[in-house]
Amino acid sequence: QQKVQQSPESLIVPEGGMASLNCTSSDRNVDYFWWYRQHSGKSPKMLMSIFSNGEKEEGRFTVHLNKASLHTSLHIRDSQPSDSALYLCAASITGSFNKLTFGAGTRLAVCP
Amino acid sequence: AQTIHQWPVAEIKAVGSPLSLGCTIKGKSSPNLYWYWQATGGTLQQLFYSITVGQVESVVQLNLSASRPKDDQFILSTEKLLLSHSGFYLCAWSLGTEVFFGKGTRLTVV
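All values reported here derive from a predicted model rather than from experimental measurement.

Q: Looking at this structure, I do not really get the overall build of chain B. What am I missing?
A: Broken down by element type, chain B carries zero helices and 11 strands. Rg of the C-alpha trace for chain B: 13 Å, near the compact-globule value of 13 Å for 110 residues, within the 12% margin. In terms of overall dimensions, chain B has C-alpha extents of about 40 × 25 × 20 Å along its principal axes. Here chain B holds 110 residues, and 45% of them are scored as buried. In chain B, of all internal contacts separated by at least 6 residues, the share reaching a separation of at least 24 is 54%. A total accessible area of about 5200 Å² is found for chain B, and carbon and sulfur atoms account for 54% of it. Put simply, chain B has 8 plus and 6 minus side-chain charges, and the middle of one group is 6 Å from the middle of the other.

So this is what it looks like as structure tokens:
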């Protein structure tokens with residue numbers, strides 16, 4: 001069964017700092033990754049998705065993907081207290097989006 | 001615009017009692033529908049998915065069942081709740097690659 005491993009489990013960064021989160025899949029068939037953000041008591045909201053090797057940037061958020069190592073990372077620059085949340089990585093196989101597998105998440109705290 | 005509505009928002013139920021949670025999706029025709037469960041502090045786990053009316057696939061066995069009686073409705077239920085059923089239940093939909101979640105139902109089994 002596919003597993004999605006996220007690290008670190010928790011992360012504290014100062015306001016204005018850079019947060020870097022990691023995610024790796026154990027299934028070599030995986031080729032699509034998502035990053036979701038879940039504030040406490042709320043439902044997850046998708047931040048970004050990536051399926052091509054390389055980098056994708058949207059505002060303060062940048063996602064990297066290395067398909068050879070099945071590793072993706074999310075970087076948040078100029079972190080804000082409102083970025084404090086649980087960040088979930090999810091992976092799937094193209095054509096099998098019904099089977100989205102989530103990692104356990106990284107809990108990010110941004111301190112003023 | 002598409003909307004997803006889940007009910008109830010929260011429930012406190014006794015062990016052994018029945019449960020029915022629901023969600024409706026408006027503004028999308030024939031979406032893929034999903035039920036997810038998240039134990040407190042736990043991983044988000046897919047329970048069921050449905051591609052079309054009347055067809056539901058089980059992903060994880062948790063003594064729960066799901067049904068899709070209409071194109072825009074997905075129901076999660078059980079005859080007898082266990083303490084381990086406590087958690088956050090999320091209904092979700094997709095029509096392609098991205099999955100959109102409802103606001104969830106917080107279930108506490110006592």
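Q: Where do I start with the environment of Ala104 of chain A in this structure?
A: Along the chain, the position of Ala104 of chain A falls in the loop between β10 (101-102) and β11 (106-111). Residue classification places Ala104 of chain A among the partly exposed positions, given a relative accessible area of 48%. For Ala104 of chain A and Glu55 of chain A, which are 49 residues apart along the polypeptide, the C-alpha to C-alpha distance reads 23 Å. Those residues in contact with Ala104 of chain A that sit more than four places away from it in its chain are Val4, Gln6, Leu86 and Leu88 of chain A together with Thr43 of chain B.

Q: Got a minute to help me understand the pattern of salt bridges in this structure?
A: If charged atoms from side chains of opposite charge come close, those side chains can pair. On inspection of all chains with the given rule, the structure shows four salt bridges over all chains. Asp83 of chain A is the salt-bridge partner of Arg60 of chain A, the closest N and O atoms lying 2.8 Å from each other. Of the two residues, Arg60 of chain A sits in the loop between β6 (54-58) and β7 (61-66) while Asp83 of chain A sits in the loop between β8 (71-76) and β9 (85-92), which places them 23 residues apart along the sequence. Where Lys26 of chain B meets Asp72 of chain B, a salt bridge forms, and the shortest distance between an N and an O atom there is 2.6 Å. Linking Lys26 of chain B in strand β3 (residues 19-26) with Asp72 of chain B in the loop between β7 (65-70) and β8 (73-78), this pair joins segments that are 46 residues apart in sequence. A network of salt bridges, in which partner residues are shared, links Arg37, Arg60 and Asp83 of chain A.

Q: Would you mind going over the sheet that holds strand β1 (residues 3-7) of chain B with me for this structure?
A: What links the strands of a sheet is backbone hydrogen bonding, and the strands pair in either a parallel or an antiparallel sense. All names here are of chain B. Within the open sheet, the four strands sit side by side as β1-β3-β8-β7. Their pairing is antiparallel. What marks the edges here is a single partner per strand, and that holds for β1 and β7. With strand direction ignored, the average angle separating the axes of adjacent strands in the sheet is 20 degrees. Pairing analysis gives four bridges linking β7 to β8, with the strands arranged antiparallel.

Q: Would you mind showing me how to read the environment of Ser20 of chain B here?
A: Residues and elements named next belong to chain B. Along the chain, the position of Ser20 falls in strand β3. A relative accessible area of 44% places Ser20 in the partly exposed class. C-alpha of Ser20 to C-alpha of Ser65: the two residues are 45 residues apart in sequence and 9.6 Å apart in space.

Q: Looking at this structure, how should I read the state of the cysteines?
A: Residues and elements named next belong to chain B. Tallied over the entire structure, the rule returns two disulfides over all chains. What pairs with Cys23 in a disulfide is Cys91, and their sulfur atoms sit 1.9 Å apart. Here the residue Cys23 occupies a position in strand β3, and Cys91 occupies one in strand β9 (residues 87-94), the gap between them amounting to 68 residues. A single burial state applies to Cys23 and to Cys91, both of which are buried.

The rules behind each value
Residues numbered from 1 in each chain as written. Chains lettered and ligands numbered in written order. Predicted model: local features only at pLDDT ≥ 70, side-chain atom pairs only at ≥ 80, totals over all residues. Heavy atoms only, no water. Helix = DSSP H or I, 4+ residues; strand = E, 2+ residues; numbered from the N terminus. Rg over C-alpha atoms; globule rule 2.2 N^0.38 Å. Buried < 20%, exposed > 50% of the residue type's maximum accessible area, 1.4 Å probe, protein only. Contact = heavy atoms within 4.5 Å. Areas by Shrake-Rupley, 256 points an atom, 1.4 Å probe, with all protein chains shown as cover. Lys, Arg positive; Asp, Glu negative; His and termini not counted. Charge placed at Lys NZ, Arg CZ, Asp CG, Glu CD. Salt bridge = Lys/Arg side-chain N within 4 Å of Asp/Glu carboxyl O. Pairing = 2+ DSSP bridges. Axes fitted to C-alpha atoms, helices over the stretch in contact; angles between N-to-C directions. Disulfide = S-S within 2.5 Å.

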